[in-house]
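Structural characterization, general
Chain by chain, the residues:
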Amino acid sequence: MTAYDLIRPLLFRLDAETAHRLALPLLSQIARLPLAAPPACAPTRVMGLEFPNRLGLAAGLDKNGEAIDLWFSLGFGHVEIGTVTPRPQPGNPRPRLFRLPEARGIINRMGFNNHGMDALLNHVARARRPGILGINIGKNADTPIERATDDYLIGLTKAYVAADYITVNISSPNTKNLRDLQGGAALDLLLGRLKAEQTQLTDRHGKYTPIAIKIAPDLIDSQIDEMADLFRRHRIDAVIATNTTLARNGVEHLPHGAEAGGLSGAPVFTASTRVLAAFHTALANEIPLIGAGGVLCGADAQAKQEAGAALVQVYSGLIYRGPTLIRECMEALAVPPQKPS
Ligand SMILES: Cc1cc2nc3c(=O)[nH]c(=O)nc-3n(C[C@H](O)[C@H](O)[C@H](O)COP(=O)(O)O)c2cc1C
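Residues numbered from 1 in each chain as written. Predicted model: local features only at pLDDT ≥ 70, side-chain atom pairs only at ≥ 80, totals over all residues. Heavy atoms only, no water.

The next subject is the sheet that holds strand E3 (residues 55–57). Spatially, 8 strands are ordered E3-E4-E7-E8-E9-E10-E12-E13 in a closed barrel, and the strand pairing comes out parallel. Each strand of the sheet is rotated relative to its neighbour by a mean of 25°, with strand direction disregarded. Note: strand E7 (residues 132–137) against strand E8 (residues 165–169), 4 bridges, orientation parallel. Along E8, the bridge assignment pairs Ile137 with Val168. (Pairing = 2+ DSSP bridges. Helix = DSSP H or I, 4+ residues; strand = E, 2+ residues; numbered from the N terminus. Axes fitted to C-alpha atoms, helices over the stretch in contact; angles between N-to-C directions.)

Shown next, in the form of structure tokens:
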């Protein structure tokens, strides 16, 4: 029995968003406890960056970068903060976060609640950062979708020096029409402008900050092929597969199962891993992949690696399993995959 096993029933009695707020100070206490032995970890080079291990914290748990050092102290090799928008915004009305414990899933429709880019950068400046820091950028809810590129360019420019890599989130289901950016002329234009700006910023700062694109699990094969072509053509640095799903397969009968928003945790594992594997085939090792979606144990992390992931991220699993999951995944990912990626 771990410390988190003791705390979890108490947290789960509270509404999900209150529990989330209380869990952070509790986790920082757990992080201070000495570890029996440091977990096995295999450093790896991805996007030209040296990652101390293959496991990372997925975006959305620390939207403002308030606990960066806590996440690293729990063992994560990389931490992705955000999604951050150029200006602060409150997100959707509460309740907007729901646990589905029977399925080990979560539905959220947070809607990019965050304190804005400037507040996030203040937190980043104060962090020690012993690992790799990703900053995940999005658009403000009141920026029209035709102007989305402007918000992403603001995010890229402002976060460029502070971030080790930048994730462009075009796959949240909770910002109106955001997922329309996942194909066709809109994606071509967005990627072209981001890469042109990246080139200018590289010259200006003498530093290359890689760009990852985060995609949805709800993509059909023709969309995947089209996106893979565009990612290759625009020399995108990495693809994160995936965000949450709009599907409700297997959870529709559960309490909260029909809430609007994105579903994560165990119920998204199959769809996420399918999309990850499909991108692995379509990209033929030209662009590295980061696997996220439904990792609840070490074997799940290994399955992501076998489907082609160079790195793996977790969010919902951490809510259900606590810090034990981190150690378990690090150990599983230190073993080379059965099928080489
Ligand atoms: C409450 C909640 C908030 C999230 N917020 C974001 C976000 O702001 N940006 C983002 O790119 N992904 C966000 N995600 C998606 C996660 O980063 C991850 O891609 C997804 O949940 C699948 O992984 P998981 O099954 O391990 O949770 C959020 C997920 C949850 C559960």
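Taken together, 22 residues sit near the ligand, with Ala59, Thr83, Gly265, Gly294 and Ser316 positioned nearest. For the ligand, an oxygen atom lies 2.9 Å from a polar atom in the backbone of Thr242. In this structure, an oxygen atom belonging to the ligand sits 2.7 Å away from a main-chain N or O atom of Gly294. When contributions to the shell around the ligand are tallied by element, the ones reaching two or more residues are strand E6 (105–108) and strand E11 (262–265). Split into classes, the residues belonging to the shell around the ligand amount to 7 nonpolar, 13 polar and 2 charged. (Near = heavy atom within 4 Å. Polar contact = N/O pair within 3.5 Å; in protein donor to acceptor, adjacent residues only side chain to side chain. Nonpolar A, V, L, I, M, F, W, Y, C, P; charged D, E, K, R; others polar.)

On to the sheet that holds E11. Ordered in space as E5-E6-E11, the 3 strands form an open sheet in which the pairing is antiparallel. With one partner strand each, in any of the chains shown, strand E5 (97–100) and E11 form the two edges of the open sheet. The mean angle between the axes of side-by-side strands here comes to 25°, regardless of whether they run parallel or antiparallel. Bridge count for E5 against E6 is 4 bridges, and the pairing is antiparallel. By the bridge assignment for E6, Leu97 is matched with Asn108.

We now examine helix H7 (residues 221–233). Owing to its 3.6 residues per turn, the α-helix aligns residues three or four sequence positions apart on the same side. With 13 residues, H7 extends 18 Å from end C-alpha to end C-alpha; this agrees with the ideal 18 Å at 1.5 Å per step. Looking only at H7, the buried set comprises Ile224, Met227, Ala228, Leu230 and Phe231. For H7, the angular spread of buried residues about the axis comes to 165°, placing them on one side. Downstream of H7 by one or two residues, Arg235 has phi in the positive range, about 55°. (Expected span 1.5 Å × (residues − 1). Buried < 20%, exposed > 50% of the residue type's maximum accessible area, 1.4 Å probe, protein only. Arc of directions from axis to C-beta.)

Per the stated rule, a full pass over the model turns up 0 disulfides. Cys329 provides the cysteine sulfur closest to Cys297, a residue in no disulfide bond, and the two sulfurs are 7.3 Å apart. You can call Cys329 buried: its relative accessible area is 0%. (Disulfide = S-S within 2.5 Å.)

Right, let's talk about the pattern of salt bridges for a bit. Enumeration according to the criterion identifies 15 salt bridges in this entry. The structure contains a network of salt bridges with shared partners spanning Glu17, Arg94 and Arg96. (Salt bridge = Lys/Arg side-chain N within 4 Å of Asp/Glu carboxyl O.)

This part takes up the packing of helix H1 (residues 3–13) against helix H2 (residues 16–32). Contact geometry for H1 and H2: axes closest at 11 Å, N-to-C directions at 165°. The angle between H1 and H2 places the two elements in the roughly antiparallel class. In the packing of H1 onto H2, the handedness of the crossing is right-handed. The residues of H2 that touch H1, namely those facing Ala3, Tyr4, Ile7 and Leu11, are Ala19, Leu22, Ala23, Leu26 and Ile30. Along the lines of polarity and charge, the residues of the contact of H1 with H2 split into 9 nonpolar, no polar and no charged. (Parallel < 35°, antiparallel > 145°, perpendicular 65-115°, else oblique. Left-handed = near helix turned anticlockwise from the far one by under 90°. Contact = heavy atoms within 4.5 Å.)

Turning to the pairing of strand E9 (residues 211–215), a few remarks are in order. E9 sits mainly inside the fold: 5 of its 5 residues count as buried. Going residue by residue along E9, you find Ile211, Ile213 and Ile215 tucked away on one face and Ala212 and Lys214 tucked away on the opposite face as well. Each parallel crossover has a hand, and the one from E8 via helix H6 (residues 184–205) to E9 is right-handed. In the classification by handedness, the crossover that spans E9, the intervening H7 and the parallel strand E10 (residues 238–241) is right-handed. (Right-handed = clockwise from strand over helix to strand, strands pointing away.)

Let's shift gears to the packing of H7 against helix H8 (residues 269–283). At a closest axis distance of 9 Å, the pairing of H7 and H8 adopts a crossing angle of 50°. Here H8 runs oblique to H7, going by the angle between their axes. The handedness of the crossing between H7 and H8 is right-handed. Taken together, the residues of H8 that come into contact with H7 (itself represented by Asp221, Ile224, Asp225, Met227, Ala228, Phe231 and Arg232) are Arg274, Val275, Ala278, Phe279, Ala282 and Leu283. In the contact of H7 with H8, the residues fall into 9 nonpolar, no polar and 4 charged.

Bear in mind that shape data such as this cannot, by itself, settle questions of function.
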